[in-house]
Amino acid sequence: MARIQSGATSSGDLLHLVRSGRATTRGALQEATGLSRATVGQRLDRLFRAGWLREGPAGPVDSPLGGRPSVRLEFDDAHAVVLAADLDTRHARAALLSLGGELLARHEAELDIAAGPEAVLGELGRWFGQLLKSADRAPEAVCGIGLAVPGPVDVASGTVVQPPIMPGWDGAAIPALLGQAFAAHTGGAPDTPVLVDNDANLMAYGEQRAAFPDCAAFALVKVSTGIGAGVVVGGELYRGIDGGAGDIGHIRIAADAEGAGEPCTCGAYGCLAAVASGRALAHRLTRAGIPAAGGAEVRALLLAGDPEAARLAREAGRRLGEVLATVVTLLNPGVLMLAGDLAGTPFLTGVRELLYERALPRSTAHLEIVTPRLGDRAGLVGAAALVVEDLYAPARVEERLAARGL
């Protein structure tokens, strides 16, 4: 086994080795780190006292001479829980999850994001209280909260930046507001860590980790009220320098595309979202005498086999495929996942038509175009995973252990 980088031998590093499966016995940890048996024991003891590590079943005896089997070390994913929420424009989901990503309780209902951050996050706080009660968990068991939002996010501060479809949210102190709502409705700590990210990012993160963990370059495109993409490279979310990566809904497309003369929510004309989003299709269907308020209604029409909805969805798919030809050529992903309200057969057909026509054969030779594996749980699973990976990263582990006097 190759040793880890010199100096990376804290208790947090040992926990990371165990969680990743790279070293799951004391002997393996010694081999990976070069630490003595006594030092490994001391650093593991901090993790045991925190309740983050446990001993599992003994493994097989490695030596041909026999001897005592090695005790397997395991991350104790039952010592805490995570709360997560996934906001859409008019609907939201919330869940209580284990540290391993298992849904323990879930709630979803209509929730208008245009009501503003105080009202929406206050309602989420109320839902969190219901979830903890239904799962019989104390608020003290919550180690963190993850939130997916349909807009660009400055991840460092947890604020949304000029979100086109989130009126009143620009610059709002989301982590503080949600922490206060959590405390008000559950009695939990108002400084409970809150992490916020874009919904397409967290859907991509959840799907890649759950269904395609070996895919080195994974892209997800969500087409609902708006259009956004999430990219996972080398197991890590790619956000760009300030969280703006993946905002493909505002790429300009051909002026002769159906609907290209419609204004976008950003104020410009010719944006992909103004032509191919659920909102855009709902507007065109309504003008054609088929009432639809947004992407959810378009989805219902598609499921019912409405021919005009199917025609428009296929054309919208072609417009997205035109943009994705460039995306695929640039990223060369192994998996391209199409998600959201429009991700049905007509839309996928349109995407494939233009994507394979425009992209170089080398870029698509090993490309899988798929639909979601986690369904509407992806954003919740991704939000919870974001919290867990942050709180149990080596440096954060050291901070948290020190704060507990361990």
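Refer to the structure presented above.
In this numbering scheme, every chain counts its residues from 1 along its sequence in written order. Whole-chain, interface and lining totals are the exception, using all residues; otherwise, since this is a predicted model, local features are given only for residues with pLDDT of at least 70 and side-chain atom pairs are given and counted only at 80 or more. Excluding hydrogens and water, the side-chain values take into account all heavy atoms of the structure.

Re the overall build of the chain
We count it as follows: Helix and strand definitions here come from DSSP, where helices need a minimum of 4 consecutive H or I residues and strands a minimum of 2 consecutive E residues; each element is numbered from the N-terminal end. Within these notes, the globule rule equals 2.2 Å times the number of residues to the 0.38 power, and the radius of gyration is based on C-alpha atoms. The classification of residues rests on relative accessible area computed with a 1.4 Å probe and restricted to protein chains. Under 20% of the type maximum is buried, over 50% is exposed, and intermediate values are partly exposed. Here, residues are in contact when the closest pair of their heavy atoms is within 4.5 Å. Calculation of accessible area relied on Shrake-Rupley with a 1.4 Å probe; when residues are assessed, cover is drawn exclusively from the protein chains displayed. We score Asp and Glu as negative and Lys and Arg as positive, and we do not count His or the chain ends. A charged residue contributes its charge at one atom only: NZ of Lys, CZ of Arg, CG of Asp or CD of Glu.
Looking only at helices and strands, the chain features 14 helices and 14 strands. Its C-alpha atoms give the chain a radius of gyration of 23 Å, near enough to 22 Å, the size a compact globule of 406 residues would have. Scored against the burial criterion, the 406 residues of the chain give a buried share of 51%. Long-range pairs, those at least 24 residues apart, make up 61% of the contacts in the chain between residues at least 6 apart in sequence. By element, 51% of the accessible surface of the chain is carried by carbon and sulfur atoms, the whole surface being about 17700 Å². Distance between charge centres in the chain, computed from 37 positive and 45 negative side chains, equals 5 Å.

A few points about the sheet that holds strand S6 (residues 142–149)
Note the following rule: Whether two strands pair comes down to DSSP finding at least two bridges between them. The angle between two axes is taken between their N-to-C directions and runs from 0 to 180 degrees, where each axis is a line fitted to C-alpha atoms and a helix contributes only its stretch in contact.
Across the sheet, five strands lie side by side as S5-S4-S3-S6-S9; this open sheet has mixed pairing. At either margin of the open sheet sits one strand with a lone partner, and together these are strand S5 (103–110) and strand S9 (194–198). Along the sheet, successive strands turn relative to each other by an average axial angle of 15°, direction set aside. For S6 and S9, the ladder comprises five bridges, and the chain directions are parallel. The residue bridging Val149 from the neighbouring strand is Asn198, located in S9. Helix H6 (residues 199–211) contacts strand S3 (81–87), S6 and S9 of the sheet and is inclined by roughly 100° relative to S9.

Quick word on the nonpolar core
The condition is simple: As used here, the term nonpolar core means buried Ala, Val, Leu, Ile, Met, Phe, Trp, Tyr and Cys residues forming a set that is joined through side-chain atoms within 4.5 Å.
Within the largest apolar cluster, 54 residues are counted, with the highest numbers of intra-cluster contacts made by Leu29, Trp52, Phe218 and Tyr392. When residues of this core are assigned to their parent elements, the largest contribution, ten residues, is made by helix H13 (residues 378–391). Judged by nonpolar contacts, the second largest core, of 37 residues, contains Ala282, Leu302, Leu312 and Leu338.

What to know about the sheet that holds strand S13 (residues 335–339)
Reading across the sheet, the five strands line up as S12-S11-S10-S13-S14 and stay open at both edges, with mixed pairing between neighbours. A single partner strand is all that each edge strand has here, and the edge strands are strand S12 (236–237) and strand S14 (368–370). Looking at chain direction, strand S11 (residues 227–233) and S12 are connected through two bridges and run antiparallel. The partner of Val233 across the bridge, within S12, is Glu236. Contacting strand S10 (217–223), S11, S12 and S13, H6 crosses the sheet at an angle of about 40° to S11.

Looking at the state of the cysteines
For clarity, the threshold we go by: By disulfide we mean two sulfur atoms from cysteines, separated by a distance within 2.5 Å.
If you walk through the whole model with that rule in mind, you get zero disulfides. Left without a disulfide partner, Cys266 is nearest to the cysteine sulfur of Cys264, which lies 3.7 Å away. You can see Cys271 has no disulfide; the closest cysteine sulfur is in Cys266, sitting 3.7 Å from it.

Notes on unusual backbone geometry
Working note: non-glycine residues mostly have negative phi, and peptide bonds are mostly trans. The backbone of Asp136 sits at a positive phi, close to 55°, despite the residue not being glycine. Residue placement: Asp136 occurs in the loop between helix H4 (117–134) and S6. Although it is not a glycine, Asn332 adopts a positive phi angle of roughly 50°. With relative accessibility at 39%, the residue Asn332 sits in the partly exposed group.

Some thoughts on the layout of surface pockets
Under the convention used in this document: Computed over the protein atoms alone on a 1 Å grid, cavities are sets of points where a 1.4 Å probe fits but cannot get out and pockets are open sets with protein on both sides within 12 Å along at least five of seven lines; a residue lines them when it has an atom within 4 Å of a point. Grid points are joined across faces, edges and corners, and a volume is the space filled by probe spheres set on the points. Amino acids are sorted into nonpolar (Ala, Val, Leu, Ile, Met, Phe, Trp, Tyr, Cys and Pro), charged (Asp, Glu, Lys and Arg) and polar (every other residue, Gly among them). Domain delimitation follows an automatic or database domain assignment.
Looking at the largest pocket, its volume works out to about 960 Å³. At the level of secondary structure, the elements contributing two or more residues to the lining of the largest pocket comprise helix H1 (11–20), strand S2 (71–75), S9, H6, S12 and H13. By residue number, the principal contributor to the lining of the largest pocket is H13, which donates seven residues. Broken down by class, the residue content of the lining of the largest pocket amounts to 21 nonpolar, ten polar and ten charged. Reported here for the second largest pocket is a volume of approximately 660 Å³. Looking at the second largest pocket, it is lined by 33 residues, and the ones nearest its centre are Arg93, Ser224, Arg299, Gly340 and Asp341. When contributions to the lining of the second largest pocket are tallied by element, the ones reaching two or more residues are S3, strand S4 (91–98), helix H9 (295–303), S13, helix H11 (345–358) and H13. Looking at the lining of the second largest pocket, its residues break down into twelve nonpolar, eleven polar and ten charged. Counting only domains with at least three residues in the lining of the second largest pocket, you end up with domain 2 (81–192 + 379–404) and domain 3 (212–373).

Topic: the packing of aromatic side chains
So the rule is basically this: To pair, rings of Phe, Tyr and Trp, with the six-membered ring standing in for Trp, must have centres within 6.5 Å; the planes then decide the type, stacked if under 30 degrees apart, edge-to-face if over 60, and tilted in the middle. Consider the ring centre and the ring normal. A charge sits over the ring if Lys NZ or Arg CZ is within 6 Å of that centre and within 35 degrees of that normal.
Applying the stated criterion to the full structure yields three aromatic pairs. Taken together, a centroid distance of 5.8 Å and an interplanar angle of 35° make the contact between Phe212 and Phe218 tilted. Considered together, Phe212 and Phe218 belong to a single accessibility category, that of buried residues. Through successive ring pairs, a cluster of aromatic residues spans Trp52, Phe75 and Tyr392. Residue placement shows Arg19 over the ring face of Phe75; its charged tip is 5.1 Å from the ring centre.

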